[in-house]
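Residues per chain are reported as follows:
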Amino acid sequence: MRISTGQIFKTGTQQIMTKQARLAELSKQLAQQAKIANASDDSVAFSQIQILNNQYNKAQIYQSNNQSTASALNNQDSVLSSIGGIVQSLQIVANQAGNGTLSSADRLALATQAQSLLDALQNNANSTDLNGNYMFSGSKANLAPIGRTYDSSTNSYDYVYNGDDKQRFQAISDSTTVASNDPGSDIFFNIASGNGNFYVAQTANPNQGTVVASLGSVPDSSQYIPGDYTLTINGNVVDVTDSNNNSVLSTPYQDGGSITFNGISLSLSGSAQDGQTFSINSGQKVSLFSMTQQLITSLKAPNENQADRAAIQTTNYQIISQLSRGLSSVNNARANVGGRLNQLEAINTSTASLMLINQETSQKLSGSDTEGLTSIISDFQSSQAFLQIAQQAFTSISKLSVFNFI
Amino acid sequence: MSDIMSTSLSALYAYKSALTTVSNNIANANTPGYSRQSVLFAANASQKIGSNYIGSGVSVASIQRNVDNFVNYQVRSTSSVQSQYDTLFNSSAQIDQILSGDGSGISASLQLFSSALGAMTSNPADRAARNVVLQNGQLLADRFKSMQGILTQYQADSTKKISQSADQINILAKGIADINKQMGAGSTSPDLLDKRDNLLQQLSSYSDLNVITQSDGSTSVGFGNGQMLVTGTTQHDLSVSSSKSADFGTKLLLGGVDVTASVSSGSIKGQLDFETKILGKASQSLGLIAIGLAGEFNTQQSLGVDLNNQLGGNFFTDFNSAALQEDRAISFTSNTGTAVVSVSISDTSQIQLSDYNLTVTDAATNQYSLVRKSDGTSIPLTWDSSGPSSPATLSVTATGNTSVDGISITVDDISRFANNDRFTLVPTGGMAGYFNQTITDFRGIAAASPVRTQATAANTGSGQIALGTISDTSAVNTPYTITIDPSDATQYTVSGDATVYTLTPGSDNVINIPSSGTPSFTVVLSGTPSAGDSFSTSFNSDSSGDNSNGLQLAKALNKGLFSGGSVSVIDQNTNLISDIGALTNDSKLRSESAGVLSQQAISAQDSKSGVNMDEEGGDLIKYQAAFAAVGKLMQIVQEMNRVILDSMR
């Protein structure tokens, strides 16, 4: 084949240019430390990298959701822990209040102590998180959940819940959401009164008899018929009527004996006087605050005679039982929070390992892992060598001309 | 003696011509388009002397141009293909880099926005977290608009490039016409022929053209459809249509006729492909992403409550606003009717990445034709005559649907159509340029759900109520109460409805609110409520700590919105980037393989027509030696003459 001189130069320079372009591409890859920087480098791998990046980004959002949820729950747990401590102190006060030998002054001192514990309780329940939002008010994050109004007729406070029942959920994986708060209504309010089934209170005022009603219980729940009952002692006979004034029990009074009706068991002790009445109400709810208020009211109640003390004792049984259920409600919430923290931890670990795999795959695909980088470097060096060879070949061929000899 | 002298003289002239040709070859070794010339000698006619013929020297029979027309044709056609893919690659590589670059594409902004939404759901009441969402939303909107701006700019640049190419073609065609004129005057100079071949070769890099050699030796040049650039000595101007076209794509006119479709390769074709396959597609895809994202966000916003205790307003541009609906239908300037057509997006999951041509084929009998441009599918249509005539909505004849490919087409007044009125419908193309964040106040983000559910405090059972799904907000402002029958805990009524419903205690009971008619939302009643318990729903005011609608907003970017609901905003963006990347890479590979073919053709051409210095050097020595020999011969003749003259003295 005939080759023109122009062709020799053209082919030579073209070959050098092709090799230079390859070298430039490799040096770009070296600079960006990856084989793939744009979609055109390898569109299939690039779209996979994009998908992996998106998953990685999602996982990152889940991780940060996870952390913020965990920090909110940890915060909540520490507040609930101090609330539990306050309730335990209140239990000690309530137990002391059951001691019939205390003087009125002693009881007033206990009342003052209980009042300051109640204030602390309210303060804690109205805790705010790092952003100044109330922890226990459900979705009404700007409203202090626990409000109180002074009731002059009883010289005490009525406690109300200002929040709502909404739990806030946070997504921590594609399929898992975890509650990051608990509304105060669940933890502090809605605690079943009395022994959990019914509340026994002495109703006659002024109080005449010295009969003390026990806490009461439901020995067999299949027999239990909830309702509002009235118990009256007249002429050494105990009469129990239901809310429609129908008699459900009529039995001779026996000091220290127990009576049973509609699944309710109650023991009565003390000397009976005509006209002493008790109410037995089922299914009522009480808050941690109002039960403490009850304790304070009871501590401030007159403590003049045996009859006063009997009334206080009846109330105290109920208060002690309520406080222990209040404590278990708080502890229950803490257990719940703990369970969620464990779940967060577990998912955190699995998300983190997913992210790691994700990153490794993405690096492998883009050729930015060690293997990929090594191959870029070796390609670069061989291209460099080939370029030098092409240059040398070109210069030596271009030197050949018959005119050198004419 | 004189015969020897004349023979020598003829050789002297012949070799001088040969040496001149060699020197011309050497001189033009680097002249583009120059074809190597070679000298053909021929022996002069012999004289008959007696019975013998005695030669009478040599003459130059011809000076030949070494060309191969077939090879020249190959060079033209291969360089045409190469410059097509070269142009396509060089242009699309820029878009590829812009789209897939971390700092320039919308991927990074989408991810930042998504992260900000995630952070907001952790602290829905937090002003800072909400402001970060707004800042990143604004960033995203800016990115959409700047991407669309880049595409529009590239389109304008591309039209400019094509216009410049058309100017170049006109200059080259003029040159060919001039050569035709000179050749008509009788000149067949090799330089002229070289120049013409060179002009044709230059033309081929802009566009492939039909080259026809006429019987008179002149060359005509035209497009495949018969539109001629050069006929004989006449040249026709190629120009770029100045009329604004709705969709991406420059129009080429030759003598007033649209020849755009006749261009099948060359750099102009590469540029045209860049406009439709890269710019047009990217614009349609980005527009679809913008429409889908805005629609989903605005819908979800409307199902939530913001910090001002209002139902959420639009987060981004409403792409079904009257103005944008009309913007999507561009009527041709040639239309004689005055009808205004609107295109609204009715279902993003059905949208196709295409423009449409709507033509009124017969206004009297309501005949229309709608053609999807991406694949040329024709969709039979009719106007819904049973509905209100003004405005009237187009419906598909076969199925009775009023939407085609997820778009609804409406006309303000059907009687304003005239025959052959044409409209270009552009559902998504360019829409990314309208993508704005319309929400300005951080309080306006509707992170809370619109309904608050509450169990009455005096309830004695363990029943709990939670919000189910929200279909619309028609009943969220009305308080509803669900009351369990006072004597039967398995029956309940809902306020505003006398019907007694049954409930299963201990399991999740889904209750429609309102319970009769179309439900606006559902609530879930679980646990075991006691007889006489009640539950209520009310408007969810002052619920700054509620993030339930925010969680839905945060999901929007990964929700399947397109292609029948399988492709999310983020997927669609990934698809766009990888599609453009694949096209770019494809054009690169094609350009490389076309380059190889083109090189081969050029090599073949060089091999035939190029000057080889060594060869010329050899010829130089050969002719020089022959010239010297002839000189010697003349010296001998002179000496012979002297010998004879001396003998006569």
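Residues numbered from 1 in each chain as written. Chains lettered and ligands numbered in written order. Predicted model: local features only at pLDDT ≥ 70, side-chain atom pairs only at ≥ 80, totals over all residues. Heavy atoms only, no water.

Section: the overall build of chain A
A count of helical and extended segments in chain A gives seven helices and 14 strands. For chain A, whose C-alpha radius of gyration is 41 Å, the value lies well above the compact-globule estimate of 22 Å for 406 residues. Counting all 406 residues of chain A, 46% fall into the buried class. Put simply, of all contacts in chain A between residues at least 6 apart along the chain, 70% involve residues at least 24 apart. Summing over all exposed atoms, chain A offers an accessible surface of approximately 19200 Å²; the carbon and sulfur share of this is 51%. Distance from the positive charge centre (20 side chains) to the negative charge centre (27 side chains) of chain A: 22 Å. (Helix = DSSP H or I, 4+ residues; strand = E, 2+ residues; numbered from the N terminus. Rg over C-alpha atoms; globule rule 2.2 N^0.38 Å. Buried < 20%, exposed > 50% of the residue type's maximum accessible area, 1.4 Å probe, protein only. Contact = heavy atoms within 4.5 Å. Areas by Shrake-Rupley, 256 points an atom, 1.4 Å probe, with all protein chains shown as cover. Lys, Arg positive; Asp, Glu negative; His and termini not counted. Charge placed at Lys NZ, Arg CZ, Asp CG, Glu CD.)

Points about the confidence of the model for chain B
Residue and element names in this part refer to chain B. Across chain B, the average pLDDT comes to 89, with 96% of residues at 70 or higher. When pLDDT is averaged over each helix and strand of chain B, the minimum, 67, is found for strand 17 (residues 392-396) and the maximum, 94, for strand 27 (residues 521-526). Among the scores for the predicted complex, ipTM is 0.79 and pTM is 0.85. (pLDDT = per-residue confidence, 0-100.)

Describing the pattern of salt bridges
The tally for this structure, following the rule as stated, stands at 23 salt bridges over all chains. Aspartate 546 of chain B serves as the salt-bridge partner of lysine 166 of chain A, at 3.6 Å between the closest nitrogen and oxygen. Here the residue lysine 166 of chain A occupies a position in the loop between strand 2 (156-161) and strand 3 (169-171), and aspartate 546 of chain B occupies one in the loop between strand 28 (534-539) and helix 8 (548-555), the pair thus bridging two chains. Judged by relative accessible area, which is 2%, aspartate 546 of chain B ranks as buried. For lysine 559 of chain B, the salt bridge goes to glutamate 296 of chain B, with nearest N and O atoms at 2.9 Å. In this pair, lysine 559 of chain B is assigned in the loop between helix 8 and helix 9 (569-609) and glutamate 296 of chain B in helix 6 (residues 267-302), connecting sequence segments 263 residues apart. Since its relative accessible area comes to 39%, lysine 559 of chain B is described here as partly exposed. Three or more residues are tied together by salt bridges with common partners; here these are Arg2 of chain A together with Arg36 and Glu615 of chain B. (Salt bridge = Lys/Arg side-chain N within 4 Å of Asp/Glu carboxyl O.)

Considerations on the sheet that holds strand 24 (residues 491-494) of chain B
Each strand in a sheet pairs with its neighbour through backbone hydrogen bonds, running either in the same direction (parallel) or in the opposite one (antiparallel). Residues and elements named next belong to chain B. Overall, antiparallel pairing links the five strands, which are arranged 21-28-23-24-25 in an open sheet. Of all the strands in the sheet, the pair left with one neighbour each is strand 21 (451-455) and strand 25 (501-502). In this sheet, strand 25 lies alongside strand 24 in antiparallel orientation, the contact comprising two bridges. Counted as the bridge partner of tyrosine 492 is tyrosine 501 from strand 25. (Pairing = 2+ DSSP bridges.)

As for the nonpolar core
Judged by nonpolar contacts, the single largest core of 81 residues is most densely connected at Phe144, Leu293 and Leu425 of chain B. For leucine 293 of chain B, the contacting residues outside a window of four places in its chain are Leu110, Leu140, Phe144, Phe316, Phe435, Leu557, Leu561 and Val569 of chain B. Counting 38 residues, the second-largest nonpolar core is a separate cluster that includes Val93, Leu110, Ala111 and Leu295 of chain A. (Core = buried A, V, L, I, M, F, W, Y, C linked by side-chain atoms within 4.5 Å.)

Here we look at the interface of chain A and chain B
The interface is formed by 47 residues belonging to chain A together with 61 residues belonging to chain B. For the interface between chain A and chain B, the tally reads four salt bridges. Two residues, arginine 452 of chain B and aspartate 164 of chain A, come together in a salt bridge whose shortest N-O distance is 2.7 Å. Counting the contacts that link chain A with chain B gives 29 residue pairs in polar contact (both at pLDDT 80 or more). At 12 residues, the largest contribution of residues to the side of chain A that touches chain B is made by helix 2 (residues 43-97) of chain A. A class-by-class count of the residues in the side of chain A that touches chain B yields 14 nonpolar, 23 polar and 10 charged. (Polar contact = N/O pair within 3.5 Å; in protein donor to acceptor, adjacent residues only side chain to side chain. Nonpolar A, V, L, I, M, F, W, Y, C, P; charged D, E, K, R; others polar.)

What about the pairing of strand 19 (residues 407-411) of chain B?
All names here are of chain B. Across the five residues that make up strand 19, a large majority, five, are buried. Side chains of strand 19 alternate between two faces, with Ile407, Ile409 and Val411 and Ser408 and Thr410 buried alike. Note: strand 13 (residues 341-345) against strand 19, five bridges, orientation antiparallel. Bridged to valine 341 within strand 19 is valine 411. Summarising the sheet, strand 18 (residues 403-404) and strand 19 pair through two bridges and their orientation is antiparallel.

Digging into the sheet that holds strand 22 (residues 464-470) of chain B
Residue and element names in this part refer to chain B. Strand order in the open sheet formed by three strands is 22-27-26, with antiparallel pairing between adjacent strands. A single partner strand is all that each edge strand has here, and the edge strands are strand 22 and strand 26 (509-513). With direction set aside, neighbouring strand axes in the sheet form an average angle of 30°. Bridge analysis of strand 22 against strand 27 gives five bridges, and the strand direction is antiparallel. Each bridged residue has a counterpart across the sheet, and for alanine 466 the counterpart in strand 27 is valine 524. (Axes fitted to C-alpha atoms, helices over the stretch in contact; angles between N-to-C directions.)

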